[in-house]
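Secondary and tertiary structure notes
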Amino acid sequence: MGSLSFGQIIKKYSMVIALVVIIGVFTIGTGGKILFPQNINNLLSQNAYVFVLATGMLMCILTGGNIDLSVGSVVCFIGGVGALLMSKGVNMVLAVIIMLLVGVAVGAWQAFWVAYINVPPFIATLAGMYAFRGLSNVVLNGKVVAIANQTYLNVFGGGADCYVPDFLGGGEFNTTCMIVGVIATAIFVLNEFRARISATRKGYETTSVAGFAAKIVLISAVILFLSYKLAGYKGIPTSLIWIVVVVLAYHYFTTRTTMGRYLYAVGGNEKATQLSGINTKKVYFFAYTNMGFLTAVAGILTVARYTNAQPTYGMYFEMDAIGACFIGGASAYGGTGSVFGAIVGALLMGVINQGMSIMGVDANYQNVVKGLVLLVAVIFDVMSKRENK
């Protein structure tokens, strides 16, 4: 059994450290405004689609640096389908089920060309980007379709009441939100201790005691700080619940299931994976079908956030998702990356956007900064691969 050195720990959590530094910079630059409860709430709600899409995009990237360029157009298409159905009186639950099924069907359509016909993912999804953007216009007839179903808006994060009620009646301070934060922190700490004890017994490599303690303290502090801030402004947004469900489910999937391990194996060495008896076509098919499912989830959250659907929604969503994955540590060559890393990348991009917006920085310069951050992240990945060789 070995322990990770301080340098290895810094390298492992480099993006988390970068996120903390950037938050510090914008805290100073905005006079603390970026940490206002309402701004933190908006940061999470406005970037809900990035968190969900980045989780799905990671599955594609793991297979060998492959991406899905169609997700923005598919988000728009699925959101349009759902808005149109509800505008014609279709039950909300049925509309959501149809949206999810359409997402899976779209994902399976593209997955078939990638996995079984060997069309390069870039080309297959580029075709999808054009096709589904056109279909979005057809479905919506070039118009804005409003969503009047208040239950749908509240459940999926749109409207004024899309927050978990304070069941304890704390007044302006949402006590329920704070208690949920304390419980989440306790669960996190207990799970980390359990995992460390298990790893130690099996003789696996673990971080040093100091590194482990630092991780526990820092992440617990972040959870409690976030809970405190959200409690100061309406509490937990319902969109955050969906984000947490997606992130935890796919973290478990990528770390504890056979198919999750196959994704890493294919990206690490596809030929060796085939020789070991694994059907790599099924792995590709799963990755892109799953991307369609999560794109549907993102579409549901997006139109709920905006309370309507229109043909221009979803523009550059694919770039945000891809950028979040690479900035969060996913390898451009595949086989490396984590769900939590993608979420850190999405948060980092969201903080940059919001911080510069509060400071009044022109939107064009915001894109310049995001581009440079993405370039630095990929250069870091490339240089790390050279060092390992």
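Everything discussed here concerns the structure shown above.
These notes cover the structure that comes with them.

Definitions and cut-offs
Residues numbered from 1 in each chain as written. Predicted model: local features only at pLDDT ≥ 70, side-chain atom pairs only at ≥ 80, totals over all residues. Heavy atoms only, no water. 1 Å grid on protein atoms, 1.4 Å probe; cavity = no way out; pocket = protein on both sides within 12 Å on 5 of 7 lines; lining within 4 Å. Points joined across faces, edges and corners; volume = space filled by probe spheres on them. Helix = DSSP H or I, 4+ residues; strand = E, 2+ residues; numbered from the N terminus. Nonpolar A, V, L, I, M, F, W, Y, C, P; charged D, E, K, R; others polar. Disulfide = S-S within 2.5 Å. Salt bridge = Lys/Arg side-chain N within 4 Å of Asp/Glu carboxyl O. Expected span 1.5 Å × (residues − 1). Buried < 20%, exposed > 50% of the residue type's maximum accessible area, 1.4 Å probe, protein only. Contact = heavy atoms within 4.5 Å. Polar contact = N/O pair within 3.5 Å; in protein donor to acceptor, adjacent residues only side chain to side chain. Core = buried A, V, L, I, M, F, W, Y, C linked by side-chain atoms within 4.5 Å. Patch = residues over 30% accessible without salt bridge, like charges linked within 9 Å, V, L, I, M, F, W, Y side chains within 5 Å. Areas by Shrake-Rupley, 256 points an atom, 1.4 Å probe, with all protein chains shown as cover. Axes fitted to C-alpha atoms, helices over the stretch in contact; angles between N-to-C directions. Parallel < 35°, antiparallel > 145°, perpendicular 65-115°, else oblique. Left-handed = near helix turned anticlockwise from the far one by under 90°. Lys, Arg positive; Asp, Glu negative; His and termini not counted. Charge placed at Lys NZ, Arg CZ, Asp CG, Glu CD. Phe/Tyr/Trp six-rings, centres within 6.5 Å; stacked < 30°, edge-to-face > 60°. Lys NZ or Arg CZ within 6 Å of the ring centre and 35° of its normal.

Brief notes about the layout of surface pockets
Space inside the second largest pocket adds up to approximately 690 Å³. Taken together, 29 residues form the lining of the second largest pocket, with N47, Y49, D320, N353 and K370 sitting closest to its centre. For the lining of the second largest pocket, the secondary structure elements donating two or more residues are α3 (37-46), α4 (48-62), α14 (280-306), α15 (317-327), α16 (339-358) and α17 (363-388). When grouped by side-chain class, the residues that make up the lining of the second largest pocket number 14 nonpolar, twelve polar and three charged.

So, the state of the cysteines
Inspection of every chain in the model, using the stated rule, returns zero disulfides. The structure places no disulfide on C60, whose sulfur is separated from the nearest cysteine sulfur, that of C325, by 8.9 Å. With no disulfide of its own, C177 has C162 as its nearest cysteine by sulfur position, at a separation of 14 Å.

Observations concerning the pattern of salt bridges
Here the structure, examined in full by the defined rule, presents two salt bridges. K215 is the partner of E192 in a salt bridge, and the nearest nitrogen-oxygen pair spans 3.1 Å. Remark: K215 occurs in helix α10 (residues 209-231) and E192 occurs in helix α9 (residues 175-202); sequence separation between them is 23 residues.

Focus on α16
Compared with an ideal rise of 1.5 Å per residue, which puts 20 residues at 28 Å, α16 spans 28 Å between its outermost C-alpha atoms and is within 8% of the ideal. Among the 20 residues of α16, 15 are classified as buried, and the element is accordingly described as predominantly covered. Just beyond α16, the residue with positive phi is G360, at close to 80 degrees.

Some points on the environment of G56
One can find G56 in helix α4. We classify G56 as buried; its relative accessible area is 0%. Separated by 132 residues in the primary sequence, G56 and F188 have C-alpha atoms spaced 24 Å apart. Filtering out sequence-adjacent residues up to four positions away, G56 remains in contact with N290, M291 and L294.

Brief notes about α14
In a regular helix each residue adds 1.5 Å, so 27 residues correspond to 39 Å; α14 covers 39 Å between its end C-alpha atoms and thus fits that length. The element α14 is largely enclosed, with a buried count of 20 among its 27 residues. Measuring from the side-chain oxygen of the N-cap residue of α14 to the backbone nitrogen of K281 gives 3.1 Å; that N-cap residue is N279.

Description of the nonpolar core
Core analysis: the biggest nonpolar cluster contains 93 residues, and L53, M57, Y152 and C325 have the highest contact counts within it. Every residue in contact with L53, bar those within four places of it in the chain, is listed here: V71, V75, M291, L294, T295, A298, F317 and A321.

Comments concerning a nonpolar patch on the surface
On the surface, a nonpolar cluster with roughly 600 Å² of combined accessible area is contributed by Y365, V368, L372, L375, I379 and M383. With respect to the helices and strands, V368 occurs in helix α17.

Examining the packing of α3 against α16
Packing of α3 against α16 brings their axes to within 10 Å, and their N-to-C directions diverge by 130 degrees. One way to sum up the angle between α3 and α16 is to call them oblique. Considering only the axes of α3 and α16, their crossing is right-handed. Of the residues in α16, those touching α3 at N39, N42, L43 and L44 are L347, G350, V351, Q354 and I358. Looking at the contact of α3 with α16, its residues break down into five nonpolar, four polar and no charged.

Quick look at a positive patch on the surface
Taken together, the side chains of R194, K202, R256 and R261 present a region of like positive charge at the surface. You can see R256 is positioned in helix α11 (residues 238-256). According to the relative accessible area criterion, R256 is partly exposed, its value standing at 47%.

Considering the packing of aromatic side chains
Aromatic rings considered in pairs are described by the distance between their centres and by the relative angle of their planes. One pass over the structure, following the stated rule, counts 14 aromatic pairs. Ring plane angle 55 degrees and centroid distance 5.9 Å describe the contact between Y116 and F285, whose orientation is recorded as tilted. Of the two residues, Y116 sits in the loop between α6 (92-115) and α7 (121-140) while F285 sits in helix α14, which places them 169 residues apart along the sequence. Arranged with centres 5.2 Å apart and planes meeting at 25 degrees, the rings of F156 and W242 form a pair that is stacked. Here W242 lies in helix α11 and F156 lies in helix α8 (residues 150-156), a separation of 86 residues in the sequence. Through successive ring pairs, a cluster of aromatic residues spans W109, F112, W113, Y116 and F285. Taking the ring centre of F212 as reference, the NZ or CZ of R196 above it sits at 4.7 Å.

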